[in-house]
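What follows is the residue order along each chain.
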Amino acid sequence: MDLNKLNKAMDELKEISNGGAVACDIYTSRDGQSIGGYNSNPVASAMFNQITQHIVTTMKQSEMPTLGKYYIVELAENKAIVIIHMGDYQWGMLLDTKLCSLGLMINIVIPQITKLFQQAVPA
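On a predicted model such as this, the values are computed, not experimentally measured, just so you know.

Trainee: Got a sec to walk through the overall build of the protein? Specific residues and values, please.
Mentor: Counting secondary structure elements, the protein contains three helices and five strands. Starting at the N terminus, the α and β elements of the protein follow one another as α-β-β-α-β-β-β-α. Here the C-alpha radius of gyration of the protein, 14 Å, is about what a compact globule of 123 residues would show, namely 14 Å. Along the first, second and third principal axes, the C-alpha set of the protein runs to 40 × 35 × 25 Å. Burial statistics for the protein: of 123 residues in total, 38% are counted as buried. Relative to all contacts within the protein whose residues are 6 or more apart in sequence, the contacts with residues 24 or more apart total 50%. Carbon and sulfur atoms make up 54% of the accessible area of the protein, which amounts to about 7,100 Å² in all. Each charge sign in the protein was given a centre, from 9 positive and 11 negative side chains, and these centres are 4 Å apart.

Below is the structure:
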């Protein structure tokens, strides 16, 4: 894992989200332990890891299609949680939707930071 590239990906997130990515953590899917972030929230990382695992299990048991690249939870006060599911890792973000629209997040931010993440953590 290249921590310099990982930090560059987080810097890119801040920039291309127009400052709308208020906080983020990249954590392992195995145990929800954060490996990097800013304005980190280790409790949220651990809990959203459990939520993701529950969604994955629920989709499988209900014979539905598998979880895709991300899911979004709309919150009050123009906020949203975005979880990018990348196999062994997840990238959780608290988003201010006044500063970064969901369209910007889905069409520009997620593809760009996912590409940078893959360069930092080769398969």
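Trainee: Give a description of the pattern of salt bridges that names residues and reports values.
Mentor: Summed over the entire model, instances satisfying the criterion amount to two salt bridges. Across the salt bridge formed by Asp31 and Arg30, the nearest N and O atoms sit 3.4 Å from each other. Salt-bridge contacts for Lys79 lead to Asp96; the nearest nitrogen and oxygen are separated by 3.8 Å. Of this pair, Lys79 sits in strand S4 (residues 79–86) while Asp96 sits in strand S5 (residues 89–96), and the two are 17 residues apart along the sequence.

Trainee: Residue-level account of the side chain of Gln90, with values.
Mentor: Locating Gln90 in the fold gives a position in strand S5. A distance of 2.7 Å separates the side chain of Gln90 from the side chain of Asn49, its partner in a polar contact.

Trainee: Break down unusual backbone geometry for me, with residues and values.
Mentor: One non-glycine residue, Asn39, lies in positive phi territory at about 50°. Structurally, Asn39 is set in the loop between strand S2 (34–38) and helix H2 (42–61). Unlike most non-glycine residues, Glu63 shows phi in positive territory, near 55°. Within the fold, Glu63 resides in the loop between H2 and strand S3 (70–75).

Reading the values: the criteria
Residues numbered from 1 in each chain as written. Predicted model: local features only at pLDDT ≥ 70, side-chain atom pairs only at ≥ 80, totals over all residues. Heavy atoms only, no water. Helix = DSSP H or I, 4+ residues; strand = E, 2+ residues; numbered from the N terminus. Rg over C-alpha atoms; globule rule 2.2 N^0.38 Å. Buried < 20%, exposed > 50% of the residue type's maximum accessible area, 1.4 Å probe, protein only. Contact = heavy atoms within 4.5 Å. Areas by Shrake-Rupley, 256 points an atom, 1.4 Å probe, with all protein chains shown as cover. Lys, Arg positive; Asp, Glu negative; His and termini not counted. Charge placed at Lys NZ, Arg CZ, Asp CG, Glu CD. Salt bridge = Lys/Arg side-chain N within 4 Å of Asp/Glu carboxyl O. Polar contact = N/O pair within 3.5 Å; in protein donor to acceptor, adjacent residues only side chain to side chain.

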